[in-house]
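# Chain and residue survey
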Amino acid sequence: MAKLPALPKRFHSASVWALYGLGLCPALVAFYLGATGQLPGNPVKEFEHLLGIWALRFLVATLAITPIRDLLGVNWLRYRRALGLLAFYYVAMHFLAYFLLDQVLNIPAIIADIARRPFITIGMAGLVMLIPLALTSNNWSIRRLGSRWNQLHKLAYIIAAAGALHFAMSVKVIGLEQMTYLALVTLLLSWRLVRKPYLKRKRQAAAPRERSKDAVAL
Ligand code: HEM
């Protein structure tokens, strides 16, 4: 399979920073449109929607890095932390929009909402699980936690499932958009179940080819 041209190593760090910059643009646009009264319909709902949908997009993008590497041979691992953190920033902003604009700091109403509406309970669980992941998304934590870091970051699977479910449950009738996110998350999580045997077979298939190449070289 033809490979994508690789980005020279000297641009790796700049490309990660560019991703943070680009990734925050939808939030800036939403703030600008909100502040200038240009959001259509119910502006608070629209603002919440924009932040929520981008949170979900970044969660999906974070989970897509591994299958893209396995299936296409493109290694974008260097972008995974930025994508995960962007997902966290968007969920946090989505929550703040709900907390400050929708519920106007009414903590008893928020607690009642979390207890009463299952889709809010699931969303809140997603936010709570994202906090330890965001706090440990740094090299120091990876070194300190060792293999426990990988175990902890498997929470990303549950968070993405919670996000897609929360989205589907937030509407009265599930439409194409909700179906698409549910299907994407299901596919990305299912890949985790089959990837080990797939990679093993791929390695076994590549081994005789490598050996015959060595024989020719000798
Ligand atoms: C993983 C975490 C979360 C993700 C990915 C997420 C994403 C979304 C998405 C995509 C929507 C649909 C927006 C629309 O079409 O209107 C939504 C709706 C909503 N979310 Fe979240 N959310 C998360 C967590 C939360 C939390 C923590 C809260 C508050 C406690 C919350 C409160 C809401 C509310 C109130 C709505 C409905 C807005 C409406 O009435 O239209 N979400 N969320």
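This one's a predicted model, so the numbers in the text were calculated from it and none came from an experiment.

Cut-offs and rules
Residues numbered from 1 in each chain as written. Predicted model: local features only at pLDDT ≥ 70, side-chain atom pairs only at ≥ 80, totals over all residues. Heavy atoms only, no water. 1 Å grid on protein atoms, 1.4 Å probe; cavity = no way out; pocket = protein on both sides within 12 Å on 5 of 7 lines; lining within 4 Å. Points joined across faces, edges and corners; volume = space filled by probe spheres on them. Helix = DSSP H or I, 4+ residues; strand = E, 2+ residues; numbered from the N terminus. Nonpolar A, V, L, I, M, F, W, Y, C, P; charged D, E, K, R; others polar. Phe/Tyr/Trp six-rings, centres within 6.5 Å; stacked < 30°, edge-to-face > 60°. Buried < 20%, exposed > 50% of the residue type's maximum accessible area, 1.4 Å probe, protein only. Patch = residues over 30% accessible without salt bridge, like charges linked within 9 Å, V, L, I, M, F, W, Y side chains within 5 Å. Areas by Shrake-Rupley, 256 points an atom, 1.4 Å probe, with all protein chains shown as cover. Salt bridge = Lys/Arg side-chain N within 4 Å of Asp/Glu carboxyl O. Near = heavy atom within 4 Å. Polar contact = N/O pair within 3.5 Å; in protein donor to acceptor, adjacent residues only side chain to side chain. Core = buried A, V, L, I, M, F, W, Y, C linked by side-chain atoms within 4.5 Å. Contact = heavy atoms within 4.5 Å. Donors = N, O, S within 2.8 Å, 3.2 Å for Na, K, Ca; no water. Tetrahedral: all angles 85-135°; square planar, octahedral: opposite > 155°, others 65-115°.

## Details of the layout of surface pockets
Estimates place the volume of the largest pocket at around 1,000 Å³. Lining the largest pocket are 31 residues, and of these Thr66, Arg80, Trp149, Asn150 and His153 lie nearest its centre. Breaking the lining of the largest pocket down by element, the ones donating at least two residues are α1 (12-35), α2 (43-72), α3 (80-102), α5 (118-135), α7 (147-153), α8 (155-169) and α9 (176-217). The element best represented in the lining of the largest pocket is α3, accounting for seven residues. Partitioned by chemical class, the residues of the lining of the largest pocket number 17 nonpolar, six polar and eight charged. Within this model, the second largest pocket holds a volume of roughly 750 Å³.

## Quick look at the packing of aromatic side chains
Throughout the structure, instances matching the rule amount to nine aromatic pairs. Consider the rings of Phe167 and Tyr181, whose centres lie 5.9 Å apart with planes at 65 degrees: the pair is edge-to-face. You can see Phe167 sitting in helix α8 and its partner Tyr181 sitting in helix α9, a full 14 residues away along the chain. With relative accessibility at 12%, the residue Phe167 sits in the buried group. Measuring from centroid to centroid gives 5.1 Å for Trp191 and Tyr198, while their planes differ by 65 degrees, and the two rings are edge-to-face. With a relative accessible area of 13%, Trp191 lands in the buried category.

## A closer look at a nonpolar patch on the surface
The grouping of Leu96, Leu100, Leu101 and Leu105 at the surface amounts to a nonpolar patch, some 360 Å² of accessible area in total. Among the secondary structure elements, Leu105 is positioned in the loop between α3 and α4 (107-116).

## Some remarks on the site of the ligand
Around the ligand there are 18 residues in total, and Lys45, Glu48, His49, His94 and His166 lie nearest to it. In the model, an oxygen atom of the ligand is placed 2.6 Å from a nitrogen or oxygen of the His49 side chain. Within the contact set of the ligand, a nitrogen atom lies 2.7 Å away from a side-chain nitrogen or oxygen of His166. The set of elements that each furnish at least two residues to the shell around the ligand consists of α2, α3, α5 and α8. A breakdown of the residues in the shell around the ligand according to their chemical character gives nine nonpolar, seven polar and two charged.

## Considerations on the nonpolar core
Side chains that are nonpolar tend, in soluble globular proteins, to be buried together. By size, the foremost hydrophobic cluster in this structure holds 41 residues, and its most contacted members are Leu51 and Tyr90. Taken together, the elements giving at least two residues each to this core come down to α1, α2, α3, α5, α8 and α9. Once you skip the residues sitting within four places of it in the chain, Tyr90 turns out to touch Gly23, Leu24, Cys25, Pro26, Ala27, Leu51, Trp54, Ala55 and Phe58. Tyr98, Phe99, Ile110 and Ile120 belong to the second-largest nonpolar core, a separate cluster that totals five residues.

## What to know about the coordination of the iron atom of the ligand
The iron atom of the ligand binds to the protein through His94 (NE2) and His166 (NE2), with metal-donor distances spanning 2.0 Å. Considering all six donor atoms around the iron atom of the ligand, the spread of angles at the metal, 87 to 180 degrees, places the coordination shape in the octahedral class. Of this pair, His94 sits in helix α3 while His166 sits in helix α8; the two residues are 72 residues apart in sequence, bridging distant segments of the chain. The exposure class of His94 is partly exposed, given its relative accessible area of 22%.

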